[in-house]
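Below are the chains, spelled out letter by letter.
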Amino acid sequence: MRRIFGNILRFFIRVSAFLRKEIFAVVRQPRLILTLVLGPFLILLLFGIGYRSTAQSLRTLFVAGEDSEFRPFVDQYANQMGPLLENVGTVTDRREALDMLQDENVDLVIELPTDPVEKVRNSEHPVFLIYHDRIDPYEVEYVDAFARIFADEINRRVLTDVAASTQEDTASVQESVSATRQAAGKMRQALEQGDRANAMLEQNALVQNLDTLTLALGTSTRLVSSFGGNSGNPQEGNADLAQQLASLRDQAAALDTIAESEDGDYSEEIERVATIEEDAAELEEALSEFRSIEPSVLASPFDAEVRATSSGQLDFADFYVPAAIALLAQHMALTFAALSIVREELSGAIELFRVSPLAPFEGLLGKYISYFILTGLLLAILTALSLFGLQVPMLGEWSVYVLTVIALVFAALGAGFVISLLSQTTTQAVQYAMIVLLASIFFGGFFLGLDLLQPYVRVVSWALPATYGTQLLQDVMLRGAFTRESLVLLLGLFGWGLFFFLLALILLRRKMAQL
Amino acid sequence: MNPATIDTSPSLPRVIPDETAPFDDNNAAIAAKNLTRTYGEQTAVEDLTMTVPSASIFGFIGPSGAGKTTTIRMLTGIHRPTSGSVTVLGQNPAQFNQEMRARLGYLPQLFTLYPELTVWENLNFAASLYGMPLRRGKRMNEILDFVELSDDRGKLARDISGGMQRRLSLAATLVHEPDLLFLDEPTAGVDPVLRRKFWDHFRALREEGKTLFVTTQYVSEANYCDLVGVLHEGRLLMVDTPDGLRYRAYGGDIVDLVATERITYQNRQALAQLEYVRRGSQPVNEKHMRLIVDDAGPAVMALAAWCEERGIDVETVEEFQPPFDDVFVELVKDKPSEGESR
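What you see as residue numbers is a count from 1 along each chain, following the sequence as written. Here the convention is simple: chains get letters from A, ligands get numbers from 1, in the order in which they are written. It should be noted that, the model being predicted, local features are given only for residues of pLDDT at least 70 and side-chain atom pairs only at 80 or more, the latter also being counted only at that level, while totals for whole chains, interfaces and linings use all residues. To obtain the side-chain values, all non-hydrogen atoms of the structure were used and water was disregarded.

**Structural notes on the nonpolar core**
Working step 1: Only buried residues count toward a nonpolar core, which is a set of Ala, Val, Leu, Ile, Met, Phe, Trp, Tyr and Cys residues joined through side-chain atoms within 4.5 Å. Relative accessible area decides the class of each residue, using a 1.4 Å probe on protein chains only: under 20% of the type maximum gives buried, over 50% gives exposed, and in between gives partly exposed. With 80 residues, the main nonpolar core has M50, F182, F213 and V230 of chain B as its most contacted residues.
Working step 2: Under the scheme used here, helices are H or I runs from DSSP no shorter than 4 residues and strands are E runs no shorter than 2 residues, and both carry numbers assigned from the N terminus. It is helix 5 (residues 162-174) of chain B that contributes the most residues to this core, 6 residues altogether.
Working step 3: When neighbours within four sequence positions are excluded, V230 of chain B is seen to be in contact with I61, R235, L236, L237, M238, L245, F328, L331 and V332 of chain B.
Working step 4: Core analysis: the second largest hydrophobic core is formed by 73 residues, L334, A337 and A338 of chain A together with L129 of chain B among them. Should any heavy atoms of two residues lie within 4.5 Å, those residues are counted as being in contact.

**Thoughts on the sheet that holds strand 9 (residues 235-240) of chain B**
All names here are of chain B.
Working step 1: Two strands qualify as a pair provided that DSSP identifies no fewer than 2 bridges between them. Here 6 strands make up an open sheet; going across it, the order is 5-6-7-3-8-9 and the pairing mixed. Since the sheet does not close on itself, it has two edges, and those belong to strand 5 (104-107) and strand 9, each with one partner. On average, each strand axis in the sheet is inclined to that of its neighbour by 15°, with strand direction left out of account. Fitted lines through C-alpha atoms serve as axes, helices being fitted only where they are in contact, and the angles separating the N-to-C directions of these axes extend from 0 to 180 degrees.

**With respect to the layout of surface pockets**
Residues and elements named next belong to chain A.
Working step 1: With a 1 Å grid spanning the protein atoms alone, the term cavity applies to any set of points in which a 1.4 Å probe fits but cannot get out, the term pocket to an open set with protein on both sides within 12 Å along at least five of seven lines, and the term lining residue to any residue with an atom within 4 Å of a point. Grid points are joined across faces, edges and corners, and a volume is the space filled by probe spheres set on the points. By volume, the largest pocket amounts to about 710 Å³.
Working step 2: Lining the largest pocket we find 23 residues, and of these F70, V120, P126, N155 and V158 sit closest to its centre.
Working step 3: Broken down by element, the residue count for the lining of the largest pocket peaks at 8 residues, all from helix 6 (residues 137-192).
Working step 4: Gly is put with the polar residues, along with every residue not named as nonpolar or charged; the nonpolar set is Ala, Val, Leu, Ile, Met, Phe, Trp, Tyr, Cys and Pro, and the charged set is Asp, Glu, Lys and Arg. Tallied by class, residues from the lining of the largest pocket come to 15 nonpolar, 3 polar and 5 charged.

**Remarks on the interface of chain A and chain B**
Working step 1: Counting from both sides, the interface comprises 30 residues of chain A and, opposite them, 35 residues of chain B.
Working step 2: For the chain A and chain B pair, buried surface summed over both sides reaches about 3,000 Å², with 56% attributable to carbon and sulfur atoms.
Working step 3: The salt bridge definition used is simple: a Lys or Arg side-chain nitrogen within 4 Å of an Asp or Glu carboxyl oxygen. Counting the contacts that link chain A with chain B gives 3 salt bridges.
Working step 4: Note that E351 of chain A is salt-bridged to R73 of chain B, the shortest N-O span being 2.8 Å.
Working step 5: A 3.5 Å cut-off defines polar contacts: any pair of N or O atoms within that distance qualifies, except that in protein one atom must be a possible hydrogen donor and the other a possible acceptor, and neighbouring residues in sequence count only when both atoms are side-chain atoms. Linking chain A with chain B are 12 residue pairs in polar contact (both at pLDDT 80 or more), by the criterion used here.
Working step 6: Those elements that provide at least two residues to the side of chain A that touches chain B are helix 1 (2-27), helix 12 (316-347) and helix 13 (349-355) of chain A. Each of two parts loses accessible area, computed with a 1.4 Å probe, when they are put together; buried area is these two losses added.

**Points about helix 8 (residues 265-273) of chain B**
Residue and element names in this part refer to chain B.
Working step 1: Taken as a whole, helix 8 has its buried residues at N267, A270 and L271. Buried positions in helix 8, seen along its axis, are confined to an arc of 105° and lie on one side of it. When the buried face of helix 8 is taken as reference, the exposed residues oriented beyond 90 degrees from it are Y265, Q266 and Q273.
Working step 2: In this structure, the buried side of helix 8 is in contact with strand 10 (253-259), strand 12 (288-293) and helix 9 (296-310). By arc we mean the arc of the directions from the helix axis to the C-beta atoms, nothing more.

**Things to note about a negative patch on the surface**
Residue and element names in this part refer to chain A.
Working step 1: Patch criteria: residues need more than 30% relative accessible area and no salt bridge. Like-charged residues are merged within 9 Å; nonpolar side chains of Val, Leu, Ile, Met, Phe, Trp and Tyr are merged within 5 Å. What sets the accessible areas is the Shrake-Rupley method with a 1.4 Å probe; for residues, cover comes only from the shown protein chains. When charges are tallied, Lys and Arg are placed among the positive residues and Asp and Glu among the negative ones, while His and the ends of the chain are skipped. Lys charges are placed at NZ, Arg charges at CZ, Asp charges at CG and Glu charges at CD. Together, E66, D67, E69, D115, E118 and E124 give the surface a local cluster of negative charge.
Working step 2: Here D67 is to be found in the loop between strand 1 (58-63) and helix 3 (74-80).
Working step 3: With a relative accessible area of 73%, D67 lands in the exposed category.

**Some words on a nonpolar patch on the surface**
Working step 1: Judged by side-chain polarity, I4, I8 and F12 of chain A come together as a nonpolar surface patch covering roughly 310 Å² of accessible area.
Working step 2: Tracing the backbone through its elements, the reader meets F12 of chain A in helix 1.

**Some points on the confidence of the model for chain A**
All names here are of chain A.
Working step 1: pLDDT: the predictor's confidence for each residue, scored from 0 to 100. Taken residue by residue, chain A gives an average pLDDT of 83. The fraction at 70 or more is 88%.
Working step 2: Across chain A, the element-wise mean pLDDT spans from 52 in helix 8 (residues 221-228) up to 95 in helix 15 (residues 398-422).
Working step 3: Ignoring residues within four places in sequence, the model shows residues 228-238, a span with pLDDT below 50, making 9 contacts including any to other chains.

**Description of the confidence of the model for chain B**
Working step 1: Chain-level pLDDT for chain B is 83 on average; 90% of the residues reach the 70-or-more range.
Working step 2: Across residues 338-342 of chain B the pLDDT falls below 50, and counting only partners more than four positions away or on other chains, this stretch makes 9 contacts in the model.

**Things to note about the pairing of strand 1 (residues 28-39) of chain B**
A regular strand places its side chains on the two faces of the sheet in alternate fashion.
All names here are of chain B.
Working step 1: Relative to strand 2 (residues 42-53), strand 1 runs antiparallel, the two being bridged by 8 bridges. Across the sheet, the residue bridging to A32 is M50, located in strand 2.
Working step 2: In sequence, strand 1 turns back onto strand 2 through a hairpin of 2 residues, with G40 there showing a positive phi of about 65°.
Working step 3: Note: strand 1 against strand 4 (residues 83-88), 5 bridges, orientation antiparallel. When the bridges of strand 4 are listed, T36 appears paired with S83.

**Thoughts on the packing of aromatic side chains**
Working step 1: Stacked, tilted and edge-to-face are the three classes assigned to paired rings of Phe, Tyr and Trp, where Trp is represented by its six-membered ring and a pair needs centres within 6.5 Å; plane angles under 30 degrees give stacked, over 60 edge-to-face, the rest tilted. Summed over the entire model, instances satisfying the criterion amount to 30 aromatic pairs over all chains.
Working step 2: A ring pair is formed by Y368 of chain A and F417 of chain A, whose centres lie 5.1 Å apart and whose planes are at 55°; its orientation type is tilted. Separated by 49 residues along the polypeptide, Y368 of chain A in helix 14 (residues 360-389) and F417 of chain A in helix 15 bring together distant segments of the chain.
Working step 3: Judged by its relative accessible area of 3%, Y368 of chain A falls in the buried class.
Working step 4: In this structure F417 of chain A comes out as buried when scored by relative accessible area, which is 0%.
Working step 5: On the basis of an interplanar angle of 35° and a centroid distance of 5.9 Å, the ring pair of F146 of chain B and F198 of chain B is categorised as tilted. Taken together, the positions of F146 of chain B in helix 4 (residues 137-146) and F198 of chain B in helix 6 (residues 192-207) put the pair 52 residues apart, joining distant regions of the chain.
Working step 6: Chaining the aromatic ring pairs together yields one cluster made of F11, F12, F336, F361, Y368, Y371, F410, F417 and F501 of chain A.

Below, the structure written as structure tokens:
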């Protein structure tokens, strides 16, 4: 019993040897801590405060012929784009504009289409030619998106003008409808009084008004009809209005002959005229409503509004900080571990360990614990700086955050020890660590979402602890969620940690075994 | 170091042991038989057979590259012999458990401790590595006193001199009081005064029953050892006591005869013809003859009597102990080099 107790005590003494040694050794290298922690944090801080989250304003030069129909509207179109476009001016010579583009004096050149009206009449699209000299695929995509928005804005502007014009046109229509309704009213009153002659006069006036109305409405039928439909289907609305008009005309035609009544009973005619009167009133009301609507709403009636269910408004720094913490945690732990064993091998300490009673498991455990403490302290500082310095939100449970960090550091330390055991020199170990860092930046979800990667490349992503860490920290910090998927990720991270630990142990056993 | 100042009386009886089996294996701390270690085409140690008795200091001398460190690595279990067998403290080093390893102390040739740690922290680390109990401050202070680093305990190891680093390494090797010490050139870079102190301590350890296996390039340090193995190009040439090696080197004991006047040619010839005087005797100058004899003790007496009989006025007649560097040169000078032997 005493022997067992003694062995257990010696086990802990040997493990603790590394605990103190590793911590003191790192703490006495302030430059190492500076480069590993403060350096990356400052980079992160600079990125956070220096990143422009607003869209890039493109210096744009327009090319339009002296006689271009668009030329008077260039400024108007440019203003439509808001801060996305900085109007540099308008020139007539395309070559001159392209030279300026090549000299990087402008970002875009927009050449206005010639004879746009003629082309529309010929069922062709007048095309705005947009020139750029970007090579960055993201910037090229940005210009493409800009071009689509620009064309949409122009189209919307045209439609808005058409709508406004139509609204003006419908003023006379509305007057005709009002005159029709009034004529119908007078005709109804004449019939009610049994005054057939006067009723016939008013009937003529009514028919004339209906003809005028049909003519006036002809050009604007579609637009007004678009408004008339309740379901948003223009065809349906068109049909309603057409029916209304047809009904009015039929009813008026039916009044062509008002037979003389011996008993002065014109109740049937009165009923028809009353219907015309009511229909005209309805149409008048509809037109009045149509005219009251903003032309821009008529041109572009639908809008979209985005609402996130995840959390409040996050800025770019908020989004990137959890990924950066995951990346730094992995990098710190991995670098500490990667340099650890290879340095001892080069100094000859491993030879000393081989002769000593130290078991590989004891040495490895001691190193794990010491680097856990070190990395944990540094990450605590980094987390505090992120939360209080960069004001990054922490919406989830701290316990999940701590568990994630533990799993991440466990896996990263294991990977680092494996690197250290496979390296021949410290330079080689650092190179391997940098390769892992580089892979983590590209494939770990730091800049690019994993969905943007091909499935076979994602295999690399899921071999990197930082990938799991990034997803989990984003979930806990920014979504405040711990889902079933989060649990799978956490278990995956611990799985990698266990795998690396066992691999490192096997490699260390081999290294400390007899040569 | 002046050999005349060295105490050359080993605790073991003066013997001229057999090269291959100098001592009884039952008393052996280390017993190696036909140990060979090759690295690819190169043979570092070849067919090494020796026995190191318990409670002794075994010196392993040889020039750089002779195979001393490789031998130590095989004995400590770091390297596996290519062929041959070895037992250390009665067990194959490859099968040592933690308890057995705790009985060993190993001082590597290079400084393997941690530059970022202080002297005290390094020593503490070594003590922990061997599972020393937490109440070990007294022992650590003692060992720091011994290596004269007490005043430097707070200094970082990177800030102390090479000699101090060597002393720190030695302290780390001794701190857990091992039964068997493997010291690979422990006095390299240590000043002569402290080197002497080291050897005094080694002998004190031997008196406590510890066994020390010490390699050194300072051939003169062989005088401090009970037994010395001479290694040359991976081969163990011989194992003997320091006196025994001298005897082997020169073919007998050496006696210096210094007369007050010139020793005549006839007298020199007569001296060489004496029954107890061996071949190889040489004049140092006209008054001084260096004679190789069977046994210095009786020969000194006989020579004094012979000179008196021949009317030679003698200034001194006494045993001469040549420096071990000269002994080593004598021992290896006729040995074929690696290229010649294979």
